[in-house]
Amino acid sequence: MTERVPWDQLPAGLRTAIEDKTGTVTASTPVTQGLNCTTAQIITTRGNGPLFLKGVRDTDLEGASALRWEEHLTDTVGGVSPTIRHAIRAVGWYCLAFVYVDGRNADLGPESADLDAVAFTIRRMHRLRTPDIPIPPLADRFTGYLMPGEAEALAGGHLLHTDTNPHNILVSNRGGTAYIVDWAMPAVGPEWVDAAYTAVRLMEYGHTPASALAWLQGIPSWRSADPKAVDALVTVTCRRWSAIVGTRGAAASNERFQQLLA
């Protein structure tokens, strides 16, 4: 399990730097689920109310890179993700303080009341602009596994999240709005990709292929997706995962992806 440092054990210089921006922290509640940060907590502040704080040491290069992506994209994804109120760099730490959403992880199971809210937010993501910063093409994460023509099929200019697992979907307890959080692995590619990834997650969490595909039909970008591009995504994803974990280990995941071709 990733080390988690509570508020009162953070370096005094870091706590001071945080409070210089947020106001005095009067309470903190550790968050342990679904995160890879070294510190993650809800802090109650005198100046800004509740905020969600997460951070890593500068020596955690992968974690710091993930936080930088979130900081770079916060203005772009506002509305579908809680925005960042403050970025803090001090005494060898890098932290972000987000607008706090009182919510829970999405339920992606069959008959879940969250499914419509998740679909609504996925459709809203299609309207996000692509920021004027270099974002890796989706095909880049399949380097070494691509066959001729597949990279071209996966080309596109739409901002993608690429990891819509339930821990990255927060459903507000007030109103039931779904927020997509943790924009740590962005890519650019065809606009239907996040919807397709989410449908695969639905199957992982108990939906039949028919049920997941029926949900997916509610996403306009999927209905107009180029079949050659869908085939490229499924084929290279299965090829890569089989190479990493072996044919038997990849079988269940690959079968779910292959249902997208139906």
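Just above sits the structure.
Residues numbered from 1 in each chain as written. Predicted model: local features only at pLDDT ≥ 70, side-chain atom pairs only at ≥ 80, totals over all residues. Heavy atoms only, no water.

Visitor: An account of the sheet that holds strand S9 (residues 178-180) is requested, with residue identities and associated values reported.
Guide: Taken together, 3 strands build an open sheet; the order of strands is S6-S8-S9 and the sheet is antiparallel. The strands lining the two open edges of the sheet, one partner per strand, are strand S6 (103-105) and S9. Within the sheet, the average angular offset between the axes of one strand and its neighbour, ignoring direction, is 30°. Two strands pair when backbone bridges link them, and strand S8 (residues 169-172) and S9 are joined in this way by 3 bridges, in the antiparallel orientation. Across the sheet, leucine 170 pairs through a bridge with tyrosine 179, a residue of S9. Sheet strands in contact with helix H3 (residues 115-125) are S8 and S9, and its direction is about 45° off that of S9. (Pairing = 2+ DSSP bridges. Helix = DSSP H or I, 4+ residues; strand = E, 2+ residues; numbered from the N terminus. Axes fitted to C-alpha atoms, helices over the stretch in contact; angles between N-to-C directions. Contact = heavy atoms within 4.5 Å.)

Visitor: Tell me about the packing of helix H5 (residues 193-204) against helix H6 (residues 209-216), residues and numbers included.
Guide: Look at H5 against H6: their axes get within 9 Å of each other, and the N-to-C directions meet at 150°. Comparing their axes, H6 and H5 come out roughly antiparallel. H6 is crossed by H5, and the crossing has right-handed handedness. Contacts from Ala195, Ala196, Thr198, Ala199, Leu202 and Met203 of H5 reach H6 at Pro209, Ala212, Trp215 and Leu216. Of the residues belonging to the contact of H5 with H6, the class tally is 9 nonpolar, 1 polar and no charged. (Parallel < 35°, antiparallel > 145°, perpendicular 65-115°, else oblique. Left-handed = near helix turned anticlockwise from the far one by under 90°. Nonpolar A, V, L, I, M, F, W, Y, C, P; charged D, E, K, R; others polar.)

Visitor: Before we move on, could you go through helix H8 (residues 227-245) and cite the residues and values that matter?
Guide: Helix length check: H8 (19 residues) gives 27 Å between terminal C-alpha atoms against 27 Å at 1.5 Å per residue, within 8%. For H8, the complete set of buried residues consists of Ala229, Val230, Ala232, Leu233, Val234, Val236, Thr237 and Cys238. On its buried face, H8 is in contact with helix H4 (150-153), H5, helix H7 (220-223) and helix H9 (247-258). The distance from a side-chain oxygen at the start of H8 to the backbone nitrogen of lysine 228 is 2.9 Å, and the residue carrying that oxygen is aspartate 226. The first or second residue beyond H8 is glycine 246, which carries a positive phi of 95°. (Expected span 1.5 Å × (residues − 1). Buried < 20%, exposed > 50% of the residue type's maximum accessible area, 1.4 Å probe, protein only. Polar contact = N/O pair within 3.5 Å; in protein donor to acceptor, adjacent residues only side chain to side chain.)

Keep in mind these numbers describe shape, not what the thing actually does.
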